[in-house]
Amino acid sequence: MWIIVALAAAMFAFLTLELQRPDRGVALGAPFELQTAAGEPFRFEDMQGSPHLIFFGFTHCPEVCPTTLYEISGWLDTLGSEADDLKAYFITVDPERDTPQVLDNYLSPFPRVTGLTGSLEEMDKAAKGFHVYYKKVPLDEGGYTMDHTASVFLIRADGSFLGTIAYSENPDTAIEKLRRLLSAS
Ligand code: NI
């Protein structure tokens, strides 16, 4: 009889702990193995441990990607030392053209942003993990462009999803969201 009581007590304690655990939100992402613009191996796990923002794009992007990269730089400048722990990742959805060297060149004006590329298969794992849409679109004049999700993902140090910053979001709103991310991590 007392074994049942002990088990029930243990179950009660377990449930209480579970219920008391603060809601850390939904984990986002899936394992992938890419490499940085510097050619270093980089895995999904390497993102964990620091609050971070993630943006998917490609270096031939005419407008959305360059604009977003300038906006990210602006946010980091505004936050200054507050954002020392914040990491920023640019994952290419066009790894066929965006080799590590191409990415390295493209991101040189944005030293706080880590570029990630790799095989199509591994990039696809990363994109699917974050529910990112991308599509190769042929151009009339030849070649192709890429359609892609333009949101910036905000991820806490424990890997849980805090929210997104939309393309061309009001800068004050963006800063407010980043401050929430930094205080939550
Ligand atoms: Ni783009």
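Please refer to the structure placed before this passage.
1. Structural notes on the environment of Ala174
Right, on to step 1. Examined against the element boundaries, Ala174 turns out to sit in helix α5 (residues 171–184).
Right, on to step 2. Separated by 99 residues in sequence, Ala174 and Trp75 place their C-alpha atoms 7.6 Å apart.

2. Concerning the packing of aromatic side chains
Between two aromatic rings, the relevant description is the distance of the centres plus the angle of the planes.
Right, on to step 1. One pass over the full model with this rule turns up nine aromatic pairs.
Right, on to step 2. Residues Phe44 and Phe130 carry aromatic rings whose centres are separated by 6.5 Å and whose planes lie at 70 degrees to one another, so their mutual orientation is edge-to-face. One end of the pair, Phe44, is in the loop between β2 (41–43) and β3 (52–57); the other, Phe130, is in the loop between α4 (120–129) and β6 (134–138), with 86 residues separating them in the sequence. By the burial criterion, Phe44 is buried, and Phe130 matches it.
Right, on to step 3. Judged by centre distance (6.0 Å) and plane angle (55 degrees), the rings of Phe56 and Phe130 are tilted. Residue Phe56 is found in strand β3, and its partner Phe130 is found in the loop between α4 and β6; the two are separated by 74 residues along the sequence.
Right, on to step 4. The exposure class assigned to Phe130 is buried, which follows from its relative accessible area of 2%.
Right, on to step 5. Against the face of Tyr144 rests Lys136, its NZ or CZ located 4.4 Å from the ring centre.

3. Considerations on the packing of helix α2 (residues 64–79) against α5
Right, on to step 1. The geometry of α2 relative to α5 is characterised by a closest axis approach of 10 Å and an angle of 65 degrees between their N-to-C directions. Handedness of the crossing formed by α2 with α5: right-handed. Seen from α2, the contacting residues are Trp75, Thr78 and Leu79; seen from α5, they are Ala174, Ile175, Leu178, Arg179 and Leu182.
Right, on to step 2. Split by residue class, the contact of α2 with α5 holds six nonpolar, one polar and one charged.

4. Let's talk about unusual backbone geometry
Right, on to step 1. Its identity is not glycine, yet His131 carries a phi of approximately 55 degrees, on the positive side.
Right, on to step 2. Relative to the elements of secondary structure, His131 occurs in the loop between α4 and β6.
Right, on to step 3. Using a relative accessible area of 64% as the deciding quantity, one classes His131 as exposed.
Right, on to step 4. Notably, Ser168 is not glycine yet its phi reads approximately 60 degrees, a positive angle.
Right, on to step 5. Within the fold, Ser168 resides in the loop between β9 (161–165) and α5.

Cut-off values and rules
- Residues numbered from 1 in each chain as written.
- Predicted model: local features only at pLDDT ≥ 70, side-chain atom pairs only at ≥ 80, totals over all residues.
- Heavy atoms only, no water.
- Helix = DSSP H or I, 4+ residues; strand = E, 2+ residues; numbered from the N terminus.
- Phe/Tyr/Trp six-rings, centres within 6.5 Å; stacked < 30°, edge-to-face > 60°.
- Buried < 20%, exposed > 50% of the residue type's maximum accessible area, 1.4 Å probe, protein only.
- Lys NZ or Arg CZ within 6 Å of the ring centre and 35° of its normal.
- Axes fitted to C-alpha atoms, helices over the stretch in contact; angles between N-to-C directions.
- Left-handed = near helix turned anticlockwise from the far one by under 90°.
- Contact = heavy atoms within 4.5 Å.
- Nonpolar A, V, L, I, M, F, W, Y, C, P; charged D, E, K, R; others polar.

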